[in-house]
Amino acid sequence: MKKYPFLFTALCLVFTCCTPKGDQSVRQEQLLTDWQFTLTDDDGTPIGDGWRNVTIPHDWAISGPFDRENDLQKVIVVQNGEKEATWKTGRSGGLPWMGKGHYHTRIAVDTTRWNTLVFDGAMSHADVYINGEEVCYWPYGYNTFDCYILPQLLTGDSVDIDVYLENKPQQSRWYPGAGLYRNVHLISTDKIHIPTFGVLVRTPQVSRQKATVSIAVDIQNGIDPTNATDAGVEVLTDILFGNNIVATIQGATGETEVQTPQLWSPETPHLYIARTRIVREGKVLDEVCTRFGIRSIRYTPEHGFQLNGETRKFKGVCNHHDLGPLGVAIHKDALRHQIAMLQDMGCDAIRTSHNMPAPELVELCDEMGLLIFIEPFDVWNHGKTENDYSVEFNNWWKNDITNMVKHYRNNASVMLWSSGNEVWNQVKPDGIAIVTMLQDLFHQLDPTRPVTNGMDQAMYIIHNGFGAAVELPGLNYRTGRYLEAYEYLPQKMILGSETSSTVSSRGIYKTPAILRDFALYDDNQSSGYDLEYCQWSGLPEQDFQLQDDYAWTLGQFVWTGFDYLGEPSPYDTDSWPSHSSYFGIIDLASLPKDRYYLYRSQWNKQSPTLHLLPHWNWSNGDLVPVFCYTSYPSAELFVNGKSYGVLRHATPAECERLKAGEEIAGVSHMPKVGDFVVPEWGSQPRPELLPRYRLMWFDVPYEAGELKVVAYDAEGNKAAEQVIRTAGEPARLAAVWANQCENPEELCYITLRVEDKDGNLCPNATNLIRCEGDGFVATANGDATCLESFIAPQMHAFAGQCTFIIRRGAKVTFAAEGLQSTTICAK
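Residues numbered from 1 in each chain as written. Predicted model: local features only at pLDDT ≥ 70, side-chain atom pairs only at ≥ 80, totals over all residues. Heavy atoms only, no water.

Participant: Is there a simple way to explain the packing of aromatic side chains in this structure?
Facilitator: The full count for this structure, using the stated rule, is 42 aromatic pairs. Ring plane angle 25 degrees and centroid distance 5.4 Å describe the contact between Phe37 and Trp60, whose orientation is recorded as stacked. With Phe37 in strand β3 (residues 34-40) and Trp60 in the loop between β4 (46-55) and β5 (73-75), the pair connects residues that are 23 residues apart, well separated along the chain. Each of the two residues, Phe37 as well as Trp60, counts as buried. Seen in terms of ring centroids, Phe393 and Trp397 are 6.4 Å apart; in terms of plane orientation they differ by 25 degrees. Their pairing is stacked. With a gap of 4 residues between them, Phe393 and Trp397 both fall in helix α3 (residues 393-408), about one helical turn apart. With relative accessibility at 10%, the residue Trp397 sits in the buried group. Members of the aromatic cluster, connected to one another through ring pairs, are Tyr140, Tyr142, Phe377, Trp380, Tyr389, Phe393, Trp397 and Phe466. The side chain of Lys492 reaches across the aromatic face of Tyr486, ending 5.1 Å from its centre. Directly above the aromatic system of Tyr521 lies the positively charged group of Lys510, at a separation of 4.7 Å from the ring centroid. (Phe/Tyr/Trp six-rings, centres within 6.5 Å; stacked < 30°, edge-to-face > 60°. Helix = DSSP H or I, 4+ residues; strand = E, 2+ residues; numbered from the N terminus. Buried < 20%, exposed > 50% of the residue type's maximum accessible area, 1.4 Å probe, protein only. Lys NZ or Arg CZ within 6 Å of the ring centre and 35° of its normal.)

Participant: Explanation requested: the environment of Ile724 in the structure shown.
Facilitator: Within the secondary structure, Ile724 sits in strand β44 (residues 718-725). In this structure the C-alpha to C-alpha distance between Ile724 and Gly584, which are 140 residues apart in sequence, comes to 24 Å. Beyond its immediate stretch of four places on either side in the chain, Ile724 contacts Leu612, Pro614, His615, Trp616, Gly705, Glu706 and Leu707. (Contact = heavy atoms within 4.5 Å.)

Participant: How should I be thinking about the packing of helix α1 (residues 332-345) against helix α2 (residues 359-368) in this particular structure?
Facilitator: What describes two packed helices is the angle between their axes and the distance between those same axes. Viewed as axis vectors pointing N to C, α1 and α2 meet at an angle of 45 degrees, and their least axial separation amounts to 10 Å. Judged by the inter-axis angle, α1 sits oblique to α2. The way α1 lies across α2 gives a crossing that is right-handed. Packed against α1, whose contacting residues are Lys332, Leu335, Arg336, Ile339, Ala340 and Gln343, the element α2 presents Glu360, Leu361, Glu363, Leu364, Cys365, Glu367 and Met368 at the interface. Split into classes, the residues belonging to the contact of α1 with α2 amount to 7 nonpolar, 1 polar and 5 charged. (Axes fitted to C-alpha atoms, helices over the stretch in contact; angles between N-to-C directions. Parallel < 35°, antiparallel > 145°, perpendicular 65-115°, else oblique. Left-handed = near helix turned anticlockwise from the far one by under 90°. Nonpolar A, V, L, I, M, F, W, Y, C, P; charged D, E, K, R; others polar.)

Participant: Honestly, α3 in this entry has me stumped. Any pointers?
Facilitator: Residues lying three or four places apart along an α-helix face the same way, a consequence of the helix completing one turn every 3.6 residues. For α3, with 16 residues, the first-to-last C-alpha span of 21 Å sits near the 22 Å given by 1.5 Å per residue. Three or more residues of α3 are buried, namely Phe393, Trp396, Trp397, Asp400, Ile401, Thr402, Asn403, Met404, Val405, His407 and Tyr408. (Expected span 1.5 Å × (residues − 1).)

Participant: I tried to follow the environment of Leu445 on my own but got confused; where do I start?
Facilitator: Within the fold, Leu445 resides in helix α4 (residues 431-445). Between the C-alpha atoms of Leu445 and Ser500, which are 55 residues apart in sequence, the distance is 33 Å.

Participant: Looking at this structure, how should I read the sheet that holds strand β49 (residues 794-796)?
Facilitator: Within a sheet, each strand pairs with its neighbour through backbone hydrogen bonds, oriented either parallel or antiparallel. The sheet built from 4 strands is open, its strands ordered β49-β47-β51-β52 with antiparallel pairing. Both outer strands of the open sheet, β49 and β52 (822-825), are each paired with one neighbouring strand and no more. If you compare each strand with its neighbour and ignore which way they point, the axes differ by 20 degrees on average. Both strand β47 (residues 768-772) and β49 contribute to a ladder of 3 bridges, which runs antiparallel. Bridging across to β49, Ile769 finds its partner in Met795. (Pairing = 2+ DSSP bridges.)

Take a look at the structure:
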């Protein structure tokens, strides 16, 4: 039996209840936030700093320090086409997430009631003890699980909870984080109650005139577990829209009609509540509120993906689960900030790659109107790293899928499930049997949504039966095989389950601007011209063209929306200090890269886009490539008032003429193509597509002063302009609010800019910026090679900028040696 060295009292700070006016007599929920924590050796003895107080959610590794030796892996990354083992530095973020940890708290409980612990996620191999007795074990760190505080374990009005976690070397190929990084709940109910995930709401028939709402409720009888369904109770469910009851269902199962329903969509994220009560002899024993949306989803070869009867294509991104400098410790404000940035880009969907999401993310997608594609696994029973989920798959896949689907099948924003990402079973004899087995379980739990799979071995799955067995085929990259897949796969629909993987560093521009794969530079940065990619991937234009030109494509999920810790390709092989990704459209400091505006120009149909790059601080005599990402049809470039011509977006037919070598007046030239390697499963670069989506002036002679672009509408009228000026010496700091702080505990994202005396961004500035005052939370600069601590209140600027996260209510001063400081009040 595992022992803890001492006890302390934890405060349960947050109470939530479905009942009106805060009446907590029916169902009580507490967030267990105050714990003690220590790292331990294999015998459970505290090591390092020993026991300390922590607040849950908690990521024990994000404080660092970074070190090349942390999870240093010598492996063959077969899916990248590698043939020999090499040292992978920074593959899982270079942070000390491996090892064993022990969390302990003591809480008060009502011994007359039924008490349940719910863990939203614990990284990983969670072993939970109550008063010294083991009550549950869950190895997968991304899933939600629960366990009961059984009456026989209670010896008084308080209990001791101990959670033992272990993260093993080579358990992950990105930064997994460590600890109780998601919320822990104590739920207290009557002994006759609705268990975790015990309410199922569906909308089988939906029109704008009326909708059918069905419900199924599980009942658990803690008094007599063998008599759960016959406890002498009745079940009543009210359907509410706002404060109004619009329908009622009697019984544990049943259905009703809602007249003139308010349909859920990204544009109108209307939400209803099913308020379910268990009643016996007039007394309410339990009450659960289940939020849902009324909408219909359908996927057909004729119409593609339809939401509420209207065809649309996913304009999505893939995201890992870390929150940059906050690590993996969940914070709803950080998620809200990310979603708002993505929506301004025109993004309408997220793929939770490659694991179950935090409940807060799905809740926010429901509220803010973002479609979500939930994926549980990166592997099945054939692993990619020594201690990954393949070790657990055979024993745990059914439990993990069951909890995931039951958790999120009521959420309006969930559009489809995935059975896995780039699993090696694609090319193994057992692949078809396993994908069929998994899909059968998904359909048993939720017959209303399709199941996809992110497949990267296109040359095989198109013809070996695996692709045909996947209900909704998803291709990761492989743009050159879309037409072949459409011809041979029976579904006649293709989802871009993972696309692009263009690499770039914000504000860093390499000349000449040429199209290259796996480009490596001495500074471990990638060019901001968005022309570089990895051997397995490509550029945004290849996926834009497939989505624009073929009705049978269902949309795409770009790799990735945000940079993340780990996987620093192309600097992944013996390339320390690179330790975070270059794939993100937005960097690790939540600062948009130029590519953000390329996607915005294609995806945001509500607000026009005009974005000019690069900066305008070069050397005399330089010939500088200048790009413009815009939703306007044409634009004209000026340097100090001199025009360098008007360019317009090329048509598809003109792209084919460019490919044949023809020059077309008023259309950008194709970028030159550098050295590249095309693996047998890869795709050729297609430079002829770029003039369709970008305006590019190559070899513009540099003159210090003003770079300006003027955009014209379809009638040739001036519609907008943007100016970039040559910056002088750094003179001052400027603080820019990156989000709106509305709630008392909200995190505020502040962008710090190093500017010259006239307010121009100094694009090469690297000044050390300090945050002075209370309220500091974390900081980052977006440099994948930066080894500075996220939790120290100072950070060097990267390309003239960095981000500080502070708490609302704080008054802080930002200062740097030799620069004018700035003070802000986050009120």
